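For reference, the chains in residue letters:
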Amino acid sequence: MICLRNGRVHDGKGGVGKADILIEDGRIVKIGTGLEAEGAEILDAEGKEIFPGWIDPLSDWGILGPGREIRGNANDNDERSDVFTPQMDVLYAFNGRGISRQQIYAFGITAVGVAPSNNNLFGGQMAAFEVLGVNPMKMVLRHRAGMKASVTDALKEAYGARNVAPMTKMGIFSMMREKLQAARDYDPQDPKTERDEKLAALQPVVRGEMPLFVSCNTPSEIRSVLRACQDLPVKLVFCGGFGVDASLTELAERKCGLIVANPANGFNKYTRNTDYAGIAQLAKQGVTVAFSAADNGFGGREDLLWSALEMMKRIHDEETVLQMLTLNAARLLGMDSITGSLEEGKRADLVIWSANPLTSYKAAVEKTLINGEVVYTKGDAMKCFL
């Protein structure tokens, strides 16, 4: 049992105030003032800020080399043998030791969503993991958290160079529509129907049971995805956010999610078009906005905070921005019932900061707790990895 005393608690839902947090068996059992904590380990948080752990909802942590883990150039989330691979499952590519070696918990991140690459139209199923451990089967927080798709130029580069469809935007969206309709009409109970594992894997998407995370680089790509899905109850989460502005009201009308990648990523020529002011307007209209270090590509441990500070310049509301770093990401991954905010009954995934990182550049991580366990304390040795 652990009791955090007298910290300034930001719950991730807009609430903030001085309080104690009592933790037992990995869960938050009580939040309040003057809590009884007989036999508990006391952590004095006087003058400190307590936040939910950051969540990167779209990443390659634990998957992709070089530099990111101990298996350089693994690329085990990049199945380029077929543009249509919805049956693939990223759980089997995840390397727990690889993500632990990166120590991203020392930067305030306690969970990540991991996805197949952007090189396939339907690349496979995502999963969410805590960021410390070895065994992926024990680290997984949400299996089949979503289906990863992409309509970016990466498809043309991966398949067009081999003279294999799709080679054009027409081909990409024609195939997207064709596969979604085929999955909708697929009936495995019909004795005349030949078993198709790919269409079976895509069926939860067309039924609205599994969200579809689609990487897009331009507003026109987003609008084309919306049209391709217009008569289907698909839950859409758009990834990248490049070029998205307040005119894309369709995202609010359809109640879409939006994952905004760090615009400092020099590997994507579209990042310069990121419009935080326009994205903030869409968030007010009901779009669920979250941040990622990169659009399913190379990003650093600090990049989530970088994106949050860019948003702070536009809306000057740290509790709203905090929600984009935490609870909104958990919601998009379907695990907001267990993490993403500081509430009684949820996992104790939290970070004690020396100051508010959204308002002070002097803020530093003092302690990180994952599932109620102290996994990092300021001053611990850091490994020399990106």
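Look up a bit, the structure's there.
What counts, and where the lines are drawn
Residues numbered from 1 in each chain as written. Predicted model: local features only at pLDDT ≥ 70, side-chain atom pairs only at ≥ 80, totals over all residues. Heavy atoms only, no water. Helix = DSSP H or I, 4+ residues; strand = E, 2+ residues; numbered from the N terminus. Expected span 1.5 Å × (residues − 1). Contact = heavy atoms within 4.5 Å. Buried < 20%, exposed > 50% of the residue type's maximum accessible area, 1.4 Å probe, protein only. Pairing = 2+ DSSP bridges. Core = buried A, V, L, I, M, F, W, Y, C linked by side-chain atoms within 4.5 Å. Axes fitted to C-alpha atoms, helices over the stretch in contact; angles between N-to-C directions. Parallel < 35°, antiparallel > 145°, perpendicular 65-115°, else oblique. Left-handed = near helix turned anticlockwise from the far one by under 90°. Nonpolar A, V, L, I, M, F, W, Y, C, P; charged D, E, K, R; others polar.

**Student:** Is there a simple way to think about helix α9 (residues 303-315) in this case?
**Tutor:** Residues separated by three or four positions in an α-helix point in the same direction, a consequence of the helix having 3.6 residues per turn. For α9, built from 13 residues, the straight-helix expectation of 18 Å at 1.5 Å per residue is met to within 8% by its first-to-last C-alpha distance of 19 Å. Of the surrounding secondary structure, the elements contacted by the buried residues of α9 are β6 (54-59), β7 (109-114), β12 (257-261), α8 (276-284), β13 (288-292) and α10 (318-325).

**Student:** How do you make sense of unusual backbone geometry when you look at a structure like this?
**Tutor:** Comment: phi is negative for the bulk of residues other than glycine, and the bulk of peptide bonds are trans. Each neighbour pair has its own omega, and for A165 with P166 the value is 5°, a cis peptide bond. In this structure, P166 sits in the loop between α3 (153-159) and α4 (169-185). Of note, N163 is a non-glycine position whose phi angle comes to about 60°, a positive value. In this fold, N163 is placed in the loop between α3 and α4. On the basis of relative accessible area, N163 is assigned to the exposed category, the value being 62%. A positive phi angle, near 50°, is found at H316, a position not held by glycine. The residue H316 is located in the loop between α9 and α10 in this model.

**Student:** How do you make sense of the pairing of strand β3 (residues 27-32) when you look at a structure like this?
**Tutor:** As a general feature of sheets, a regular strand has side chains that alternate between the two faces. One ladder, built from 5 bridges, connects strand β2 (residues 16-24) with β3; its direction is antiparallel. Within β3, the position partnered with E24 by the bridge is R27. Count of turn residues in the β2/β3 antiparallel hairpin: 2 residues, of which D25 carries a positive phi of about 55°.

**Student:** I would appreciate a short explanation of the nonpolar core in the present structure.
**Tutor:** Among the nonpolar cores identified, the biggest contains 84 residues, and F122, V225, L236, F238, L251 and F291 are the most heavily contacted of them. A total of 6 residues in this core trace back to one element, the largest contributor, which is α4. Judged by nonpolar contacts, the second largest core, of 18 residues, contains L58, A115, M126 and C239.

**Student:** In this structure, what is going on with the packing of α4 against helix α6 (residues 219-228)? I would like to understand it.
**Tutor:** When two helices pack together, their arrangement is given by the angle between their axes and by how far apart the axes lie. Interhelical geometry of α4 versus α6 gives an angle of 30° and a closest axis separation of 10 Å. Comparing their axes, α6 and α4 come out roughly parallel. Seen from above, α4 lies across α6 with right-handed handedness. For the pair formed by α4 and α6, the contact residues are K169, F173, M176, R177 and L180 on the first element and E221, S224, V225 and A228 on the second. Its residues assigned to classes, the contact of α4 with α6 shows 5 nonpolar, 1 polar and 3 charged.

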